[in-house]
Amino acid sequence: MNQYQVSAAEKKFIGSHILVAILALAVGSLFGPLQAFEHAGWDFYTYLKPWIKSYYQGLTVHGVLNALVWTTFFIMGFLTFNVIFGLKRPLKNPTLNKVGFWMMVVGVLAAAIPILANQATVLFTFYPPLKANWAFYVGLTLVVVGSWVEGWGLFMTYADWRKENKSERTPFVAFGSLVTILLWQICTLGVAVEILTMLLPWSLGLIEGVDPQLARTYFWFTGHPLVYFWLLPAYISWYAMLPKQAGNGKMFSDSLARLAFWIFLVLSTPLGFHHQYVDPGVPPAWKFIHSLLTFGVFFPSMMTAFTVIASLEHAGRKQGGKGIFGWIGKLKWSDPSVTSQLLAGILFFFGGIGGLANASYNVNLVLHNTAFIPGHFHLTVATAVTLSFIGISYWLVPYLTGRKLWQPAWARIQAWVWFVGMIIFSNSMHVLGLLGAPRRVPLGLAPYVPAEWNSRLFQVGLGGAILFVSGIMYLAVMYKTATNKERVESEVIVPIAEAMQDPAKSPVWLDRWAPWIYGTLALIVIVYGPQLVEQIANIALTSPGFRVW
Amino acid sequence: MSAHKMHVDSYERNWMIFSAVLLVVFATAVSVAAFGMGIQVPAPEQRVDPRTVATDPNSPWSNPGLREIAPGKYDAYILARAVPLWEYLPKELTVPAGSSVTFYVTSPDVQHGFKIQDTNANFMVLPGQVSKLTVKFDKAGTYNFICTEFCGAGHGIMYGAITVTP
Amino acid sequence: MANKDKEDEEFRPTGTLAILAIFVVTLIAIWATIYMILVGRGGTL
């Protein structure tokens, strides 16, 4: 089978993203178990004092590197690959994309210096008036703007393709990737405005104070769609690659998959107030409207669940699976890429349930800022997304480097160990949250912990330890693969599942950009506009900065 | 180019309809709790200047504590602060069982949280804003209130308690 | 190119519906449990 040849230079460029991503994961994941151990009362930070001053400095490293750096670099690399490979054409302006990439790298380094110097222990939400060193904000800005520049390079490549292929349907992997990038470019305006109009001038001493409520409103304009920026690349793989890998299955519904992506574009930004249900400065009416829209964005995930599982069932039945569940065992569990992504998908069911509970307006009073929240997002970003990316890397890294995956059995076991560790960790965090345990607290040392929490706190530590083993296994597999002397015999075949219905027969409106973009912007103006105008009109820059860590 | 109709498998169409109905049911249940049972989220109450809110003699938070406004009805003005130490002022409150207490909480420094265990009071505390919710304490006992937002090195020790006497 | 062959024509995703049914029951059970905690704790106005 002849597949489109991505140039060696482009493979190297994509590979650089994956390399930075995995390095960030390596450092960030070191701290994950240390956070979990603190819950169980096993205090390692005492011994780290010369380098890492506190639990919270470690938590900042963990959150920034894992949730922001690992994800963003992996995503930009994977989406760049999808656009090039999907459209079967090289980047229009590789220099532009390189500029974007290096801005992101410089940004990470600029943010890393104050974090490591304990000058930016503000966690990955950096809520003011906690005031970090200015370099932290400059670094974040560079990462975001660099990702914009890379996105522009991909849009330009697409525009050229479109000129030459006027009536073609955009190939799905490229389509999904471009929608994801568009979503990212729109939603990051919130955090860009937050940093450029408030946090950066404030950290440089140009303005005296900030408005913490307005800062949160800006932050969550970006904060929830950020979740979809993480998730949609995994969805692309689940929709269009995993069914092929799992047993030569076809994509059950190409047009509904496209519709789901458009709904994500339209609905994932105008619902940020669902992170601010218990903020004092936002009227309940707007919170309620955003809660209804949040229910709305759950809908395309339900569509995704059906299409993805049906595509997998198609694969399993092709491999001879009989009965209602007989096809599950026939999926290609021997392939670590398949195993990782299937396990990621299973835990995502529970991530979805927790997410819906969080989103349910006043139900959030039970859950807000409890341990339930990190329990929830370790199922979503730290499993559905991260374990899927790990699975993708099990074919993508051999494809990019031409080196054989080292010890596929190890890779497979790694995914199972992650699955087990995360079930133990996340289940106990959810239960602790329902019992009232707060997030962002080293609970092993907290004075108000009742005895009934202790067995769960132990399980948090145990889960963290198991996840640590899995993390080490992953890094070992990646290191040994990247340096493997054994090369693949011929280029790794990129798994792309055909659609059951010829995409050329799907409705034209599924390939029109303008109406969806106008709709997205209009909805943002309607449900964010009035509150933004009101909060900006009543801005009170009365909060000076604090360094209380 | 002809216009194509969207093909949707019948199982999948039914699943989508079912999903939509399910979400409407959840939204209805939430609305009943909010508008029928009065389980509401905080609303904008008042803006304050965080630089003076703890010291201005006209500010209730310069003298935080419990005020009985009617028999069995109380207003509790609480200051959540990280400087000089991570604590609530006052740290302890006592009310008789059956009391209805309206909390007014603000911060003179960084963001905090305020969650009273085993109640629906759980909200953000922001400098410059006043967070308000009401709780009716029917059962005697001790209810810890704890900080749920990162507010610096002492976040994990920041808490207080409400004693409800029989 | 994508073809709709006979085998695909006959494919009915019954297992998918079964899995989703289990999911929905779990979803309702967990969501309702948390909702009942909320309702049990009473009003906030």
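Keep in mind that this is a model prediction, so the values were computed, not measured.

How each quantity is defined
Residues numbered from 1 in each chain as written. Chains lettered and ligands numbered in written order. Predicted model: local features only at pLDDT ≥ 70, side-chain atom pairs only at ≥ 80, totals over all residues. Heavy atoms only, no water. Contact = heavy atoms within 4.5 Å. Buried area = accessible area lost by both parts, 1.4 Å probe. Salt bridge = Lys/Arg side-chain N within 4 Å of Asp/Glu carboxyl O. Axes fitted to C-alpha atoms, helices over the stretch in contact; angles between N-to-C directions. Helix = DSSP H or I, 4+ residues; strand = E, 2+ residues; numbered from the N terminus. Parallel < 35°, antiparallel > 145°, perpendicular 65-115°, else oblique. Polar contact = N/O pair within 3.5 Å; in protein donor to acceptor, adjacent residues only side chain to side chain. Nonpolar A, V, L, I, M, F, W, Y, C, P; charged D, E, K, R; others polar. Core = buried A, V, L, I, M, F, W, Y, C linked by side-chain atoms within 4.5 Å. Buried < 20%, exposed > 50% of the residue type's maximum accessible area, 1.4 Å probe, protein only. Domains from an automatic or database assignment. Pairing = 2+ DSSP bridges. Left-handed = near helix turned anticlockwise from the far one by under 90°. Phe/Tyr/Trp six-rings, centres within 6.5 Å; stacked < 30°, edge-to-face > 60°. Lys NZ or Arg CZ within 6 Å of the ring centre and 35° of its normal.

S.K.: I'd like a rundown of the interface of chain B and chain A, residues and numbers included.
M.R.: With 66 residues of chain B at the interface, the matching set in chain A holds 75 residues. Of the roughly 5600 Å² buried at the junction of chain B and chain A (both faces included), carbon and sulfur atoms supply 68%. If you sort the residues of chain B by the area they bury against chain A, M6, E12 and F150 of chain B come out on top, with a joint share of 12%. Counting across the interface, chain B meets chain A through two salt bridges. D211 of chain A is the partner of R47 of chain B in a salt bridge, and the nearest nitrogen-oxygen pair spans 3.3 Å.

S.K.: Explain the packing of helix α3 (residues 55-87) of chain A against helix α4 (residues 94-116) of chain A to me, using residue names and the numbers behind them.
M.R.: Residues and elements named next belong to chain A. Interaxial distance between α3 and α4 falls to 11 Å at its minimum, and their mutual angle equals 175°. Considered as vectors, α3 and α4 are oriented roughly antiparallel to each other. Counted together, Q57, T60, V61, V64, V69, T72, F73 and M76 of α3 and F101, M104, V105, V108, I115 and L116 of α4 form the full contact between these two elements.

S.K.: Mind laying out the interface of chain C and chain B, listing which residues take part and the relevant values?
M.R.: The interface of chain C with chain B comprises 17 residues on the first partner and 21 residues on the second. For the pair chain C and chain B, the summed buried surface comes to about 1900 Å²; carbon and sulfur atoms form 69% of the total. At the boundary of chain C with chain B, the tally comes to one salt bridge. Salt-bridge contacts for D9 of chain B lead to R12 of chain C; the nearest nitrogen and oxygen are separated by 2.7 Å. Run the count over chain C and chain B and you get nine residue pairs in polar contact (both at pLDDT 80 or more). Looking at side-chain class alone, the side of chain C that touches chain B contains 11 nonpolar, four polar and two charged residues.

S.K.: Tell me what's going on with the nonpolar core, and back it up with residues and numbers.
M.R.: With 258 residues, the main nonpolar core has F136 of chain A together with F103 of chain B as its most contacted residues. No other element matches α3 of chain A, which puts 21 residues into this core. Here this core spans two domains, and each of domain 1 (1-40) and domain 2 (60-165) of chain B adds at least three residues to it. Among all residues touching F103 of chain B, those that are not within four sequence positions of it are A76, I78, L93, F114, I116, F123, S131, K132, L133, V135, F137 and I162 of chain B. Among the nonpolar cores identified, the runner-up in size contains seven residues, and V48, Y77, L79 and Y104 of chain B belong to it.

S.K.: Lay out the pairing of strand β7 (residues 122-125) of chain B in plain terms, naming residues and giving numbers.
M.R.: All names here are of chain B. As judged from the four bridges shared by strand β6 (residues 112-116) and β7, these two strands associate in the antiparallel manner. By the bridge assignment for β7, H112 is matched with V125. Linking β6 to β7, which pair antiparallel, is a turn of five residues; within it D118 sits at a positive phi near 65°.

S.K.: For the domain arrangement of chain B, give the residues involved together with the corresponding values.
M.R.: How large an interface is tends to be reported as the accessible area lost when its parts come together. The assigned domain composition of chain B is domain 1 (1-40) and domain 2 (60-165). If you average the C-alpha positions of domain 1 of chain B and of domain 2 of chain B, the two centres end up 39 Å apart.

S.K.: I'd love a proper account of the environment of C147 of chain B, names of residues and values included.
M.R.: Here C147 of chain B shows up in the loop between β9 (141-146) and β10 (159-165). According to the relative accessible area criterion, C147 of chain B is buried, its value standing at 0%. Through-space distance from the C-alpha of C147 of chain B to that of Y88 of chain B is 9.0 Å; in sequence the pair is 59 residues apart. Not counting the four nearest positions on each side in its chain, C147 of chain B is found in contact with P438 of chain A together with Y88, H112, G113, H155 and M158 of chain B.

S.K.: An account of the packing of helix α8 (residues 212-240) of chain A against helix α18 (residues 514-537) of chain A is needed here, citing residue identities and associated values.
M.R.: Residues and elements named next belong to chain A. Their axes nearest at 10 Å, the elements α8 and α18 cross at an angle of 160°. Taken together, the axes of α8 and α18 lie roughly antiparallel to each other. Note that α8 runs across α18; the crossing there is left-handed. Packed against α8, whose contacting residues are Q213, L214, T217, Y218, W220 and F221, the element α18 presents I524, Y528, L532, Q535 and I536 at the interface. The residue inventory of the contact of α8 with α18, partitioned by class, reads eight nonpolar, three polar and no charged.

S.K.: Go over the packing of aromatic side chains with me, naming the residues and quoting the values.
M.R.: Residues and elements named next belong to chain A. Applying the stated rule across the entire model yields 67 aromatic pairs over all chains. For the pair F175 and F261, a centre-to-centre distance of 6.4 Å together with 65° between the ring planes defines the contact as edge-to-face. Here F175 is found in helix α6 (residues 172-187), whereas its partner F261 is found in helix α10 (residues 254-267), with 86 residues between them in sequence. The exposure classification of F175 matches that of F261, with both residues buried. With a centroid separation of 6.4 Å and 40° between ring planes, the pair formed by W509 and W516 is classed as tilted. Relative accessible area serves as the criterion here: at 18%, W516 is assigned to the buried category. By way of ring pairs, the aromatic residues Y158, W161, F172, F175, Y239, F261, W262, W509, W513 and W516 are connected into one cluster. Between K11 and the ring centre of Y399, over which it is positioned, the NZ or CZ distance is 4.5 Å. Note that R216 overlies the ring of Y127, its terminal NZ or CZ placed 4.6 Å from the centroid.

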